Each structure stands twice: as C-alpha cells, then as structure tokens.
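Residue-level structure breakdown
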Amino acid sequence: MNTWEVTTLAERSAEALSSSFWGAAGYLGLAMLGMAGFVAVLGMVLIYAERKVAGHFQCRLGPMRVGWHGTLQTVADTVKLLLKEDIVPYQADKMLHILAPLLMFIGTILVLLVLPFSPIVQVADVNIGVVYITAVSGFSVLGILLGGWSSNNKWSLIGAMRAGAQIISYEVSATLALLVVVLFSGSLQLSEIVRSQAEGWWIWRAHGVGIVAFLIFFIASTAEINRTPFDMPEGESELTAGFHTEYSGLRFAFFFLAEFINMFLVAALTSTLFLGGWMPFHIGGFENFNALMDLIPAGLWFTGKTAFLVFVLMWFRWSFPRLRVDQLMRLEWKILLPIGLVNLFVAAVVVLYGLYFFPVR
Amino acid sequence: MDSVTMDPVKQMEKASQGSPNHAAGKGVIESPEIKRGGFLKNIFTGMISLAKGMKVTFHYFSHPSTVVTQQYPENRDTLKMFDRFRAHLTMAHDEKGQHKCSGCQICQKACPNASISVVNRSNPVTGKKELDRYVWRMDSCTFCNMCVQVCPFGTLKMENQFESSVYDRRLLVYTLNRYAGPTAQVLGKLESDEERTKQMEPRDPYSGPTPMNGQAMAGVAALGEKKGEGESK
C-alpha cells in the first residue's frame, strides 16, 4: 500500500542548504512567490465563484458582462480597487489604520504556510501545526479590532468590538472540536493527522463524536471568519460595513482578500481534519477499492473536498438570515460549548479505554 | 415558517421562562407561541429547519430555469415582456382605424400628474362634441395605470414597448389618436365608408402642441406654428 511520504518545501530548502545557499534561497523564493500567486489567484477565483453562486441561489445570473460569463469581472474589479483613492479619515490613528489590514492578511498567510495541499505541496510541516494554526489565526482578530478602533468611526468600532467578542467566543468551540481529532490521531502535526486517516476519514471513523465535532468546528469556523449567518461585524444593514467602513482602495482590498482566503482556509482545515485532507477515500481493509481510489491524485482529493466545503459555506451564506448579537452569544456559550465539552469527554473516554471497533494503528 | 425552527436558542430561553400565557398578562411583549422541547430536540428541529431552507435555495441553484434575469440587449429579438408590464400608453384602434374615445376627459381628471390632456372640438358637420387630440406626455407620466382603469370605454391600454429614449424631450409628447372625429360607434351608423373617412381627420403622433419654446425640429411642429410647417423640414 501507498506509504504517503510527505516532503515539504521547507525540508527541501534545508536539504539544499547543505549543498548550496542559493539552492535554499531558490526554494524559499519559490515558496514565497507560489504563496503570493496562489493567494491572489485564489482570491479572484473565490470572489467570482461567490458572486456566481450567490446569483444562482437568488434566481439571478451573477456577473455576465466582462469576459465569457463574467469571468474577467473580478480582474476588472481588482484593477478598479488598486486605482481607487485611499482615504484615511480625519483624526484617525494613521499608523494603526495602515497596519490593520496587513495584520489581518498576515494571519491568513501564516495559516496557509502549514496547510497540507498534497503530500508534496506543503510549505512547512510544523509538528505542532494545530496549535500553530489556532495561535496565528488570532492575528485576524487583532487586525479587525485595530481597524475598527483606528478608523475614528462609531460603526467601525461597534463592528470591531462585535468581531472581537464573536471570534474569541467561537475560538473556544472550534478548539474543542479540533482536539477531538487530535485525540484520535494522536498528533498535532497536520500531515500526520492526514496520514492517520488512511483507513477512513475521522468524520465517520470517530464513533459519532467525529460528526458532532465536524459540525461544531464548521459552525464555529464560519463564525470566526465573520461569514453570514454570523456577519455581525460587517452587518451592512446595521453598521454600513462594520470594521472596514472607513477603508477604501487597496487596504479594503486586503480586508476583502483576507476574508475570502479565510473562507478557503476554513474549508481546507475542515477537510484536512475531518475529511482526510489529501487522503483519498479509503475504507479500511478494502485494498482493491483503496488502490482504485489512489488513482486520483492526492492534490485533486484535497481540492475537491475543499471546493465542496467552500460551496457549503456559500450555500449557508445565501440561505440563512443573520443572527442577532445575543443569539450569537447564546449559540456559542449555551449550545456549542456544552456539546463540544461533552463530545470531547466522550472522545477522550473512547481513546483512553480503546473502545474502537475499527483497527487502530 | 414558525419561529420554533428558526431559532433554537430563543426557543430554549422561552422554555426556561415557563408558560408564555403567564407573562402575557403583565404587558410583556410575547413572541409567537413556541412549542417547547428539550435541549437536544430543539437543536435537532432547528437543524432540520435549516436544512429545509437550504433545500429551497439549492432548488434555485440547481434549476437555471428559475433565473429571472434578462440579458437584455443580447436577447432583444426574443425578449418577451410580461403581461402586466406598463410602458407606453396607447389608444386602441380597430381594423378600420377607428377608436372608441368619446373625449369624456375622465382619464384627464384621474391623471395624478396632468400628463394627459384631452382636447375636444365640435364636429364640422354635425356640430357634436368629439375628440380632437388625445395628448399624452410620457416625460411626466408615472405609468400608474389610472387612466386605463377609469376609461369607461376601455379604449386605453398600456403597451410593452419600453425603448422610448430620445434625444429631445419634446419627442415624448404624443398624440395618441390617429384621427380627429367621432367614435367608432357613431361612425358605424353612417352609410358609406366615404362618409366615414370624410369625418376622420388624420392626426399623427407628433402633430400635437409640443413645448418647444417657439423652436421647430424635424418632424415636430412648434407650439403655435401651423400644422405641416414643421414637418416640411
């Protein structure tokens, strides 16, 4: 059977460093360029997809004019955003105002670094990947809070405070759900978590706790990235545009891009943790079936799962109404958190006493 | 959609408050009657309800035939406008070119923004009152359909043609009747077609009084100018 050797760009660069400095620099440059290009292209594709999907969910067509079926619409919009005047409000905290979108973007990029796209496409395989992701995703809260605070605008401030309360609350549930997978796979390393799902994905191999954890993680992550139905921080019907009311031009583009890349990240993380990431669909023991599934490249599995979850996120957005702030808090503290805690407890008992009915490594 | 399924959280809070009827007596604003269930049951019904909503939106997503957007300039040839679309007020003329407007001016009185003026005259032969010009100003019309509804003879109609943009606002003042003369009913009592055509003095859409500040333009006679002068270029 396939052993799934994982090689990361960081490893290759370290290898190259032993022979020549320039080889290592080449790998690092490749990683940086790849990430930059990936982020830009992915942002455009996701925005186009969102607009198209939204259109069809609402009996519309979405962009149709620029290019074939509006495919170049996002390019045109990006050019427009780049050329727009960048306005900093009067008496705003100028430095923080400039810093905020960058911080938000940094949080996004840092998570992207450890994401296993396929066995051979991963920038760095940190052995505490899960903890790392939980830690660096906090940057986006900081970005939102600073953006709202420095804008010298009440709507921005309210939006930012809502975002802060919301993201910090839902972080708890997301982490609890994530710990279930860590318990089952026995590792914090993302590539190791993916490889532990070679017999079947955790969503159904984890005795029902998996699917509860999946739901909690997905809901909590949707709230963390401020997407509808949890988009109170933006809340355009109440707060104009929330924390980015005062942003325009390139800085707004950064917020916007980070938002969409975050959506991709949530989908990618959920698929990595619960749906096997790049691991093909395997059923433990069915060797021929597994070999057949291995014919589809690992990267394609990852892309497919992530695309599906992105679609589900969009589906959520265009189906559900926005929650009220108090409803949001109650959903977290009275529903998701208790269930998450009980779920984690059950998972711990299962792992501790080995109550598996499937072969474990 | 009942509020049970929409909001499990609210429902839960409701359940812990006790009977809704109890609080209602104290002037507290009550949300609609909510079925009470346990913690897990509420979550379950809530998720079922969300799934129902997602099913509805997915139906729209998966059925492109539900799309209502028209790709207008491209599908101009095949575009079919809707029955209730209101754009261009027209006066119905039958196959002999006769209309049923008696010039009663009810539409003029019903018009909320004075876009209609019905000009009557006396018939040169019989001396009876008849329609001379039915002037409709599209530039001030709000397409409220009142004129069509009040017309006792059903002679007015809102047509679908919406491509009315012109470079001169004077071109939006139309004369709707194609002839000045008696109604189709009166004309029907005459013996021959010759007599009928004798009583029908032709009117074209732009021959009416237009607010041109004394200026003329191709095809449109200026106010106060004699008919035909503006048309002769």
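Refer to the structure presented above.
To start, this report covers the structure provided alongside it. (Residues numbered from 1 in each chain as written. Chains lettered and ligands numbered in written order. Predicted model: local features only at pLDDT ≥ 70, side-chain atom pairs only at ≥ 80, totals over all residues. Heavy atoms only, no water.)

A few words on the overall build of chain A. Counting its regular elements, chain A contains 15 helices and zero strands. Expressed as a percentage of the 361 residues in chain A, the buried residues total 53%. With the model as given, the accessible surface of chain A reaches about 15,800 Å², and the carbon-plus-sulfur share is 73%. (Helix = DSSP H or I, 4+ residues; strand = E, 2+ residues; numbered from the N terminus. Buried < 20%, exposed > 50% of the residue type's maximum accessible area, 1.4 Å probe, protein only. Areas by Shrake-Rupley, 256 points an atom, 1.4 Å probe, with all protein chains shown as cover.)

As a further point, take the overall build of chain B. Helices and strands together make up the secondary structure of chain B, namely eight helices and seven strands. Counting every position in chain B, which comprises 233 residues, the buried fraction comes to 37%. Within chain B, contacts between residues at least 6 apart in sequence are counted, and of these 63% link residues at least 24 apart. Summed over its atoms, the accessible surface of chain B is roughly 14,700 Å², and 56% of this surface lies on carbon and sulfur atoms. (Contact = heavy atoms within 4.5 Å.)

Each side of the interface is counted separately: chain A has 22 residues, and chain B has 24 residues. Carbon and sulfur atoms make up 73% of the surface buried where chain A meets chain B, a total of about 2,100 Å² over both sides. For the pair chain A and chain B, the number of links is one salt bridge. The salt bridge partner of B:Glu74 is A:Arg65, with a shortest N-O separation of 3.0 Å. Remark: the boundary between chain A and chain B carries six residue pairs in polar contact (both at pLDDT 80 or more). Put simply, the parts of the chain that give the side of chain A that touches chain B at least two residues each are helix 2 (21-57), helix 14 (298-317) and helix 15 (325-353) of chain A. The biggest single contributor to the side of chain A that touches chain B is helix 15 of chain A, with six residues. The residue makeup of the side of chain A that touches chain B, split by class, is 15 nonpolar, three polar and four charged. (Buried area = accessible area lost by both parts, 1.4 Å probe. Salt bridge = Lys/Arg side-chain N within 4 Å of Asp/Glu carboxyl O. Polar contact = N/O pair within 3.5 Å; in protein donor to acceptor, adjacent residues only side chain to side chain. Nonpolar A, V, L, I, M, F, W, Y, C, P; charged D, E, K, R; others polar.)

What follows deals with helix 15 of chain A. Residue and element names in this part refer to chain A. The end-to-end C-alpha distance of helix 15 is 41 Å, a good match for the 42 Å that 29 residues give at a rise of 1.5 Å each. At Leu336, helix 15 shows its maximal bend, which comes to roughly 35°, and the proline Pro338 appears one to four places after that position. Looking one or two residues beyond helix 15, the residue adopting positive phi is Gly354, at roughly 65°. (Expected span 1.5 Å × (residues − 1). Bend = angle between axes of the 7 residues up to and from the residue.)

A separate point is the sheet that holds strand 2 (residues 116-122) of chain B. Residues and elements named next belong to chain B. Taking strand neighbours across the sheet as the criterion, the three strands line up as 2-3-5 in an open arrangement whose pairing is antiparallel. Two strands close off the open sheet at either side, each with one partner strand: strand 2 and strand 5 (173-175). Neighbouring strand axes in the sheet, compared pairwise and without regard to direction, differ in orientation by 25° on average. Sheet topology note: the strand 2/strand 3 (residues 129-137) ladder contains seven bridges and is antiparallel. The residue bridging Val118 from the neighbouring strand is Tyr134, located in strand 3. (Pairing = 2+ DSSP bridges. Axes fitted to C-alpha atoms, helices over the stretch in contact; angles between N-to-C directions.)

Let's shift gears to the pattern of salt bridges. Tallied over the full model, the rule gives 17 salt bridges over all chains. In this structure, A:Asp86 and A:Arg251 form a salt bridge, with 2.5 Å as the shortest nitrogen-oxygen distance. Of this pair, A:Asp86 sits in the loop between helix 3 (73-83) and helix 4 (94-113) while A:Arg251 sits in helix 12 (residues 249-274), and the two are 165 residues apart along the sequence. Using a relative accessible area of 17% as the deciding quantity, one classes A:Arg251 as buried. Each of B:Arg121, B:Glu130, B:Asp132, B:Glu201 and B:Arg203 takes part in one network of salt bridges that share partners.

Residue and element names in this part refer to chain A. Within the structure shown, the criterion is met by 26 aromatic pairs over all chains. Pairwise contacts between aromatic rings join Phe214, Phe217, Phe218, Phe274, Phe316 and Phe320 into one cluster. For Lys154, the ring lying beneath its charged end belongs to Trp155, and the centroid distance is 5.1 Å. (Phe/Tyr/Trp six-rings, centres within 6.5 Å; stacked < 30°, edge-to-face > 60°. Lys NZ or Arg CZ within 6 Å of the ring centre and 35° of its normal.)

Okay, the state of the cysteines next. All names here are of chain B. Inspection of the entire model under this criterion finds zero disulfides over all chains. In this structure Cys111 is a free cysteine whose sulfur lies 6.2 Å from that of Cys144, the closest cysteine sulfur available. Classification of Cys111 as buried rests on a relative accessible area of 15%. Here Cys147 is not cross-linked by a disulfide; its sulfur's nearest cysteine counterpart is in Cys144, at 6.1 Å. (Disulfide = S-S within 2.5 Å.)

What follows covers the pairing of strand 3 of chain B. Residues and elements named next belong to chain B. Strand 3 sits mainly inside the fold: seven of its nine residues count as buried. Where strand 2 folds back onto strand 3 in an antiparallel hairpin, the turn is made up of six residues, including Gly127, whose phi is positive at roughly 80°. In the sheet, strand 3 pairs with strand 5 via three bridges, with the strands oriented antiparallel. In the sheet register, Arg137 faces strand 5, and the bridge partner there is Val173.

Right, let's get into helix 12 of chain A. Residue and element names in this part refer to chain A. In a regular helix each residue adds 1.5 Å, so 26 residues correspond to 38 Å; helix 12 covers 38 Å between its end C-alpha atoms and thus fits that length. Of all 26 residues making up helix 12, 22 are buried, and the element is well covered by its neighbours. Where helix 12 terminates, the next one or two residues include Gly276, which has phi positive at roughly 85°.

The subject of this paragraph is a nonpolar patch on the surface. Residues and elements named next belong to chain A. A contiguous nonpolar patch, built from Val66, Leu72, Val75, Val79, Leu82, Leu83 and Leu250 and spanning about 610 Å² of accessible area, is present on the exposed surface. Counting residues per element, the nonpolar patch draws most heavily on helix 3, at four residues. Assignment of secondary structure puts Val75 in helix 3. Taking relative accessible area as the criterion, Val75 reaches 37% and is therefore assigned partly exposed. (Patch = residues over 30% accessible without salt bridge, like charges linked within 9 Å, V, L, I, M, F, W, Y side chains within 5 Å.)

With that settled, consider unusual backbone geometry. Residues and elements named next belong to chain B. Despite not being glycine, Ala114 has its phi angle at roughly 55°, a positive value. Locating Ala114 in the fold gives a position in the loop between helix 5 (106-110) and strand 2. Taking the relative accessible area as the measure of exposure, Ala114 reaches 60% and is therefore exposed. The phi dihedral of Asn145 is positive, around 75°, even though this residue is not glycine. Positionally, Asn145 belongs in the loop between strand 3 and helix 6 (146-150). You can call Asn145 buried: its relative accessible area is 14%.

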